Amino acid sequence: MLLETRIQRLLENIGRRNALPLRVRLWNGHTVDLAPAPRVAITLPRPSAARYFLKPDLSTLGKAVVEGHIEVEGPVREIIRVGEGLARVAPGTSVPRFWRPRRRHSRRLDADAIAYHYDVSNEFYGLWLDREMVYSCAYFPSGEEDIHTAQARKLDHICRKLMLRPGEKLLDIGCGWGALIRWAARHYGVHATGITLSRNQYDLATERIRADALEGRCRVLLQDYRDHPGEGVYDKIASVGMFEHVGLRNLPGYFGVIRRLLKQGGMVMNHGITAVDADSRWVGLGAGEFIERYVFPHGELPHLSLVVREMSAQGLEVVDVESLRRHYARTCQLWAERLEAAHLDARAMAGERRYRIWLLYLAGCAHAFEHNWVSIHQVLGTRTPADGRSVQPWSRAHLYAGTGTG
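Every value quoted in this text rests on a predicted model; they were computed, and no experiment measured them.

Undergrad: I'm lost on the overall build of the protein in this one. Help?
TA: Looking only at helices and strands, the protein has 15 helices and 13 strands in total. Taken against the 2.2 N^0.38 rule, which gives 22 Å for 406 residues, the C-alpha radius of gyration of the protein at 23 Å falls within 12% of a compact globule. With the C-alpha coordinates aligned to their principal axes, the bounding extent of the protein is approximately 75 × 45 × 40 Å. Looking at the protein as a whole, 55% of its 406 residues qualify as buried. For the protein, contacts bridging at least 24 residues in sequence account for 74% of all contacts bridging at least 6. Summed over its atoms, the accessible surface of the protein is roughly 17600 Å², and 49% of this surface lies on carbon and sulfur atoms. Where the 55 positive side-chain charges of the protein centre and where its 45 negative ones centre are 3 Å apart.

Undergrad: Help me out: how do you make sense of helix α9 (residues 251–261) in this one?
TA: The α-helix advances 3.6 residues per turn, and as a result positions three or four apart in sequence lie on the same side. Within the sequence span of α9, burial applies to L251, Y254, F255, V257, I258 and L261. Along the long axis of α9, the arc covered by the buried residues comes to 150°, so they all point the same way. The inward-facing, buried residues of α9 abut β6 (169–173), β9 (234–240), β10 (262–275) and α11 (304–313).

Undergrad: Can you help me understand the pattern of salt bridges in this one?
TA: Side-chain pairs of opposite charge can arise where the charged atoms are in close proximity. On inspection of all chains with the given rule, the structure shows 23 salt bridges. Between E78 and R81 there is a salt bridge; the shortest N-O distance is 3.1 Å. A residue pair is termed a helical-turn pair when its members lie 3 or 4 positions apart in one helix, as E78 and R81 do in helix α3 (residues 76–89) at three residues. According to the relative accessible area criterion, E78 is buried, its value standing at 13%. Residues R199 and D203 are paired through a salt bridge, measuring 3.5 Å at the closest nitrogen-oxygen approach. With R199 and D203 both in helix α8 (residues 199–211) and four residues apart, the pair spans about one turn of that helix. Given the relative accessible area of 37%, D203 is considered partly exposed. Within the structure, one salt-bridge network assembled from shared partners comprises E132, R182, R186 and D212.

Each value, and the rule that gives it
Residues numbered from 1 in each chain as written. Predicted model: local features only at pLDDT ≥ 70, side-chain atom pairs only at ≥ 80, totals over all residues. Heavy atoms only, no water. Helix = DSSP H or I, 4+ residues; strand = E, 2+ residues; numbered from the N terminus. Rg over C-alpha atoms; globule rule 2.2 N^0.38 Å. Buried < 20%, exposed > 50% of the residue type's maximum accessible area, 1.4 Å probe, protein only. Contact = heavy atoms within 4.5 Å. Areas by Shrake-Rupley, 256 points an atom, 1.4 Å probe, with all protein chains shown as cover. Lys, Arg positive; Asp, Glu negative; His and termini not counted. Charge placed at Lys NZ, Arg CZ, Asp CG, Glu CD. Arc of directions from axis to C-beta. Salt bridge = Lys/Arg side-chain N within 4 Å of Asp/Glu carboxyl O.

Rendered as structure tokens:
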């Protein structure tokens, strides 16, 4: 009875500070509404579940949902908003703005992290990604495109930025299921190589290359980017949604490998999630801890300033930077909606626990990008020759010519 009274008072106090649209059902059937017409309901099935409300943050609440210690009902976007509200106003909760994890990186650890995240099953990802299975930020010229159109626009946006020409050699570091290399070979006539650490991605990418009759112009290697041989091999290099796995201390080596593989006068486009904190710390409220534990082991996010610094230090001249933060908020929102709509198949393929992890992660990322907790940038660079000659055009007109967006 004492615990029930304490929890009721705690919830009533939270409701007075922030009228969250939340109903909490206690183990004895009693309910507490934190605002009229609640849109989210949380059930504490037993007294021990009350501990998650004593000092809640997004990591603690996320763990409780994933592990089944509390039951949650309601639209996932509202669930995320309520979670943030609880983390911000609950008495006794420490709410640091930023957080920095301790990271170790090695070939074995990085391979294990990639396998954990990407080798769930190709069928699971196929439920909620676009038809080409592009698992990175889409590009919305108007904001109204569906996920299939927006991902096709993103692939072409990258190819335009790199100014791909027939016969050039393109390397895609962290190529996923091969969408970019197939698009570039099919529409721009390049010879494209993709590398990935995921066996599932390698198998499906190879299968799709064969189905498109692109074997002579496309290939995928199951390989660590650090082990890719050669000097000045590629005219153009893309890295899309990969360098989050590299590690802050490894950025010099990462960009050094890119410089080694890139021809004089060649171009590189690095597309990746970035921290909004100038010291490259993650946002607080427990969001970073949840992602580290359940989604992206060993991931690290550099601030844009660090990206530019490390590229420059390795002899790569930065010539263009574009923020796609709003685009990724929209992308993650669409992914979460598609996964939620396919919940029966997703649970059957990946299990209840994995489904909960991915749904919270995608909806949480949409919320994080929307509220500028994290950002994402495309950074275009060149390996400028010693004489300073530049292949860059005088304007960005080539990016939008014929697209109806410029």
